[in-house]
Amino acid sequence: MSTFLGMPATAPRGVGNLRGDESFPAAARKALGNDQLRRNLGHATTTIRAKSGAVIGELPDWQELRSAGSALKAATMARLPELLLQLEENVTRAGGVVHWAADANEANRIVTELVRATGEQRVIKVKSMATQEIGLNEALEEAGIEPIETDLAELIVQLGNDKPSHILVPAIHRNRSEIREIFLREMPGVDPALTDEPVVLAGAARRYLRETFLSTKVAVSGANFAIADTGTLVVLESEGNGRMCLTLPETLITVMGIEKLVPTWQDLEVFLQLLPRASTGERMNPYTSMWTGVTPGDGPQSFHLVLLDNGRSAVLADEVGRQALHCIRCSACLNVCPVYERTGGHAYGSVYPGPIGAVLSPQLTGVEDNASLPYASSLCGACFDACPVKIDIPSILVHLRNEVPHPRTERAAMAAAAYTMDHPKLYAAAQHAAKLTKLAGHRLPPPLNGWTASRDLPEPPPETFRDWWAKR
Ligand code: SF4
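The model shown is predicted, which means the values in this text are computed figures rather than measured ones.

A closer look at the site of the ligand
1) Next: The environment of the ligand is made up of 13 residues, and the closest members are Cys327, Cys330, Ser331, Cys333 and Cys387.
2) Next: Among the detected pockets, the ligand sits in the largest cavity.

Here is the structure:
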């Protein structure tokens, strides 16, 4: 199996949105103090969970579908280099141009130059976590190009000068009165009598976006899937904004992580059943747009595909961690995660929040740069049960915890514990000494107090097994 694609091992620092400004525990502590955030999140995740559970329950073969999705992803990753070349050949044959981007800097440079070459100063954007990952909006703005998000939730995040906090519902942390305030403050041409009725807010966004769709000549999209054997790109969305972006502009630029491949059209069938039920709780996706290269006189006449690595080759080379590349970004793991439900997405510091973010971000950046994320989990396993492609997130978390650089005091304590357990007399003496900690209360003294800052020290038993055995 070939895994090394010759790319840099990790996503570069100083660009993109994979690293937070503070560690997960510090950011989570702040989020836990925000009652409004917790109410918004609790309401939204409970609603999505119930909807998704109901439609999944309708399928008698859901578990078989999950296994098929998992096997297809594993088989795709095993021959990724070969399939990527096949995709490039077929996109090129259909009139598209393929660009290879080793990392965020290169991808941003390629897209900026492509937009500049059109002479346009504004782009519409749809459905792209990859462009959020690389910080494309910031790069375009620096080059004097205005990016406009067209997904309603992403537009709310953009106008609010905010960051997304959920894969599927990026503005999940906002309620409707907050959205009304953002629209009144930031949306060009908005009616000052705007109310916070969902239908009124959606109407305001629709008016603004329709004008934008009709007057913008370049679009930047992501892709949910790319089919290697025909060079076809696929975008799934719920509002129809994607359909507008993918058909109306003259130039279309798609930025896609290299892992989004499926070998054939038949493989797509499995994912088109798994994704909507696990993600939005729908039986079928509302808008599924597919395109292959360019068609004279119909749709964009210029199509560019940017294939993004940005650390993915290194993830692929890790036998345990590579499962994270199977993710189809349905967000089911977020909606069942007790940690995510209480802290929200911003605490993860990355565009990928929740359980999948806790394993994907540290792998893309290198664990040193996101060392607290593998611990942002109770290891309850709910994410594994919910994942439509059966990614074993708890096992990857444990694997990454072993790779995280541990503090010197912790390493010294573990070495001392290993030595003690290896020497029976010393171990017995340590067990008796442990009873003394009862006198010291439930906290350890410095430098070991970090461990008990958020945990109680367990009570030592009144009698050890050795003492009990000696009496028999
Ligand atoms: S890890 Fe699984 S459940 Fe989570 S977003 Fe990805 S596909 Fe969905």
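Comments concerning the environment of Glu88
1) Next: Counting through the fold element by element, Glu88 comes out in helix α4 (residues 80–93).
2) Next: Measuring from C-alpha to C-alpha, the distance between Glu88 and Phe303 comes to 13 Å, with 215 residues separating the pair along the chain.
3) Next: Leave out the neighbours within four places in its chain, and Glu88 touches Val98 and Trp100.

Details of the sheet that holds strand β9 (residues 287–292)
1) Next: Reading across from one edge, β8-β5-β6-β9 is the order of the 4 strands in this open sheet, with mixed pairing throughout. Edge positions in the open sheet fall to β8 (261–262) and β9, since each of these has one partner strand only.
2) Next: Relative to β8, strand β5 (residues 225–227) runs parallel, the two sharing 2 bridges. Looking at β8, one finds that Ala226 is bridged to Leu261.

Brief notes about the domain arrangement of the protein
1) Next: One can read the domain layout of the protein as domain 1 (10–405) and domain 2 (425–471).
2) Next: Each of domain 1 and domain 2 was reduced to a C-alpha centroid, and the two centroids are 47 Å apart.

Re empty space enclosed by the protein
1) Next: Taken as a whole, this structure holds 2 cavities of 30 Å³ or more when the rule is applied.
2) Next: Taken as a whole, the largest cavity encloses approximately 100 Å³ of empty space.
3) Next: Lining the largest cavity are 14 residues, with Cys327, Cys330, Cys333, Cys387 and Pro388 positioned closest to its centre.
4) Next: Class assignment for the residues of the lining of the largest cavity results in 12 nonpolar, 1 polar and 1 charged.

Rules of the game
- Residues numbered from 1 in each chain as written.
- Predicted model: local features only at pLDDT ≥ 70, side-chain atom pairs only at ≥ 80, totals over all residues.
- Heavy atoms only, no water.
- Near = heavy atom within 4 Å.
- 1 Å grid on protein atoms, 1.4 Å probe; cavity = no way out; pocket = protein on both sides within 12 Å on 5 of 7 lines; lining within 4 Å.
- Sits in = over half its atoms within 2 Å of the grid points.
- Helix = DSSP H or I, 4+ residues; strand = E, 2+ residues; numbered from the N terminus.
- Contact = heavy atoms within 4.5 Å.
- Pairing = 2+ DSSP bridges.
- Domains from an automatic or database assignment.
- Points joined across faces, edges and corners; volume = space filled by probe spheres on them.
- Nonpolar A, V, L, I, M, F, W, Y, C, P; charged D, E, K, R; others polar.

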